Amino acid sequence: MQGRLSAWLVKHGLIHRSLGFDYQGIETLQIKPEDWHSVAVILYVYGYNYLRSQCAYDVAPGGLLASVYHLTRIEYGVDQPEEVCIKVFAPRRNPKIPSVFWVWKSADFQERESYDMVGIFYDNHPRLKRILMPESWIGWPLRKDYIAPNFYEIQEAH
């Protein structure tokens, strides 16, 4: 099922994949990493001027990593603003996605947290470094294949 934004993107020749709607009726789209920066700028010009949130997750052990953006069109006098969810998938071996810091400044700490926890590298981010874990930390704690260092499971808990 194609939503309003997906139809607009098709009309203007912008490549994407519709992932349907979430439980609240918010349209979800998949954008390729190489197309993400240009699509982000177009969405901002189209009116999606607010990055509500950005997060990342590990899709499956050994599989893809995902960076998720929730965008909103904030307009004066509109009670129910339009929202869209964008998912950008990156391969685990070289997880690079263009940063949207220069489009939405609120992506700064959110992309840094995604880098710190999941290990997605955001190209052209001005301060891409760990934000929660110490700089010396090895690995990406929220990946499904992550093994915590010096972790000893309690064998006989009473």
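Quick summary incoming for the structure in this document. Being a predicted model, the structure only gives us computed values, none of them experimental.

What counts and how
- Residues numbered from 1 in each chain as written.
- Predicted model: local features only at pLDDT ≥ 70, side-chain atom pairs only at ≥ 80, totals over all residues.
- Heavy atoms only, no water.
- Disulfide = S-S within 2.5 Å.
- Buried < 20%, exposed > 50% of the residue type's maximum accessible area, 1.4 Å probe, protein only.
- 1 Å grid on protein atoms, 1.4 Å probe; cavity = no way out; pocket = protein on both sides within 12 Å on 5 of 7 lines; lining within 4 Å.
- Points joined across faces, edges and corners; volume = space filled by probe spheres on them.
- Helix = DSSP H or I, 4+ residues; strand = E, 2+ residues; numbered from the N terminus.
- Pairing = 2+ DSSP bridges.
- Axes fitted to C-alpha atoms, helices over the stretch in contact; angles between N-to-C directions.
- Contact = heavy atoms within 4.5 Å.
- Salt bridge = Lys/Arg side-chain N within 4 Å of Asp/Glu carboxyl O.

Within this structure, the stated rule accounts for 0 disulfides. Summary of cysteine pairing: Cys 55 is not part of a disulfide, and the nearest cysteine sulfur, belonging to Cys 85, is at 7.6 Å. On the basis of relative accessible area, Cys 55 is assigned to the partly exposed category, the value being 35%.

If you add up the space inside the largest pocket, you get close to 150 Å³. Taken together, Arg 4, Leu 5, Phe 21, Gln 24, Gly 25, Ile 26, Glu 27, Tyr 48, Pro 81, Glu 82, Glu 83 and Val 84 form the lining of the largest pocket. Contributions of two or more residues to the lining of the largest pocket are made by helix H1 (4–11) and strand S5 (83–90).

On to the environment of Gly 25. Following the sequence through the fold, Gly 25 ends up in the loop between strand S1 (17–21) and strand S2 (27–30). The spacing of Gly 25 and Val 84 is 59 residues in sequence and 9.5 Å in space, taken between C-alpha atoms.

Here the phi dihedral of Asn 124 falls at roughly 70°; this positive angle occurs in a residue that is not glycine. Tracing the chain through its elements places Asn 124 in the segment after strand S7 (121–123). With relative accessibility at 64%, the residue Asn 124 sits in the exposed group.

Take the sheet that holds S2 next. The sheet built from 5 strands is open, its strands ordered S1-S2-S5-S4-S3 with mixed pairing. In this open sheet, the two edge strands, each paired with only one partner strand, are S1 and strand S3 (50–58). Sheet twist, expressed as the average angle between the axes of neighbouring strands with direction ignored, equals 20°. Judged from the 8 bridges that link them, strand S4 (residues 65–72) and S5 form a sheet pairing that is antiparallel. For Leu 65, the partnering residue across the bridge sits in S5 and is Ala 90. Packing of H1 onto the sheet brings it into contact with S1, S2 and S5, and relative to S2 it is tilted by some 40°.

Below, the discussion takes up the pattern of salt bridges. Scanning the model with the defined rule gives 7 salt bridges in all. Two residues, Arg 92 and Asp 58, come together in a salt bridge whose shortest N-O distance is 2.5 Å. With a gap of 34 residues between them, Arg 92 in the loop between S5 and strand S6 (96–98) and Asp 58 in strand S3 connect regions that are remote in the sequence. Of the two residues examined, Arg 92 and Asp 58, each falls in the buried class. In this structure, Asp 108 and Arg 127 form a salt bridge, with 2.7 Å as the shortest nitrogen-oxygen distance. Placement of the pair is Asp 108 in helix H3 (residues 107–118) and Arg 127 in the segment after S7, with a sequence separation of 19 residues. Looking at Asp 108, the relative accessible area reads 9%, which means it is buried. We classify Arg 127 as partly exposed; its relative accessible area is 40%.

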